[in-house]
Amino acid sequence: MIQLNTEEIKQILPHRPPMLLVDRIIDLVPFESGVGIKNVTLNEPFFPGHFPGNPIMPGVFILEAMAQVGGIAMLYPEENRGKIALFGGMENIKFKRQVIPGDQLVMKAHIVNIVKKNFGKLHAESYVDDKLAATADFIFALKRQ
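Basis of the calculations
- Residues numbered from 1 in each chain as written.
- Predicted model: local features only at pLDDT ≥ 70, side-chain atom pairs only at ≥ 80, totals over all residues.
- Heavy atoms only, no water.
- Helix = DSSP H or I, 4+ residues; strand = E, 2+ residues; numbered from the N terminus.
- Buried < 20%, exposed > 50% of the residue type's maximum accessible area, 1.4 Å probe, protein only.
- Contact = heavy atoms within 4.5 Å.
- Areas by Shrake-Rupley, 256 points an atom, 1.4 Å probe, with all protein chains shown as cover.
- Pairing = 2+ DSSP bridges.
- Patch = residues over 30% accessible without salt bridge, like charges linked within 9 Å, V, L, I, M, F, W, Y side chains within 5 Å.
- Salt bridge = Lys/Arg side-chain N within 4 Å of Asp/Glu carboxyl O.

Turning to the overall build of the chain, a few remarks are in order. Scanning the chain for helices and strands turns up 2 helices and 7 strands. Ordered by position from the N terminus, the helices and strands of the chain form the series β-α-β-β-α-β-β-β-β. For the chain, the spread of C-alpha atoms along the three principal axes comes to 45 × 30 × 30 Å. The 145 residues of the chain split such that 42% are buried. Taking the contacts inside the chain whose residues are at least 6 apart along the sequence as the reference set, 63% of them involve residues at least 24 apart. When the accessible area of the chain is evaluated, it comes to approximately 7400 Å², of which 54% is carbon and sulfur surface.

Looking now at the environment of methionine 57. In this structure, methionine 57 sits in the loop between strand 3 (33-39) and helix 2 (59-75). Residues methionine 57 and proline 101, spaced 44 residues apart in sequence, show a C-alpha to C-alpha distance of 7.9 Å. If near-sequence neighbours (up to four positions away) are discounted, methionine 57 is found in contact with Val40, Phe46, Phe47, His50, Ile62, Val99 and Leu105.

Glancing now at the pairing of strand 7 (residues 131-144). Of the strand pairs in this sheet, strand 4 (residues 83-95) and strand 7 are connected by 10 bridges, and their pairing is antiparallel. Of the residues in strand 7, the one forming a bridge with phenylalanine 95 is alanine 134. Joining the antiparallel neighbours strand 6 (residues 119-128) and strand 7 is a turn of 2 residues, in which aspartate 129 adopts a positive phi near 55 degrees.

So, on to a nonpolar patch on the surface. Taken together, the side chains of Phe87, Met90, Ile93 and Phe95 make up a nonpolar region of the molecular surface, amounting to roughly 360 Å² of accessible area. With respect to the helices and strands, the residue phenylalanine 95 is situated in strand 4. Exposure remark for phenylalanine 95: the relative accessible area of 44% places this residue in the partly exposed category.

If you want it as structure tokens, here you go:
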């Protein structure tokens, strides 16, 4: 089982705070799947405006965090280091519950299909307290930076 801390994740993904939305990888199978954690705190830069007095993590950031876990699964192998995972599309997006400060968002990504090693589709789900928060399918392309 491969596990990664934040510094190791930063060696794989080009994202940096505030756009790095994965704190830790707790299980990684390269080219197959990943499980990551995002500890959601009141200090997130989006909470003052989303929404004052009722902070809720924006859905686009939940989707981005889920996609980053899938990106790590694709970019972890040495032959893909230095590439960037780009969205080609998103499908079947569903939000099931709000994510708020104090929640630990657990994201599970599974690569469904790889085409020519640089294009593919992944399915991802996120959970808070073992309850489904969101689910989506992502189409992605790997490109050199």
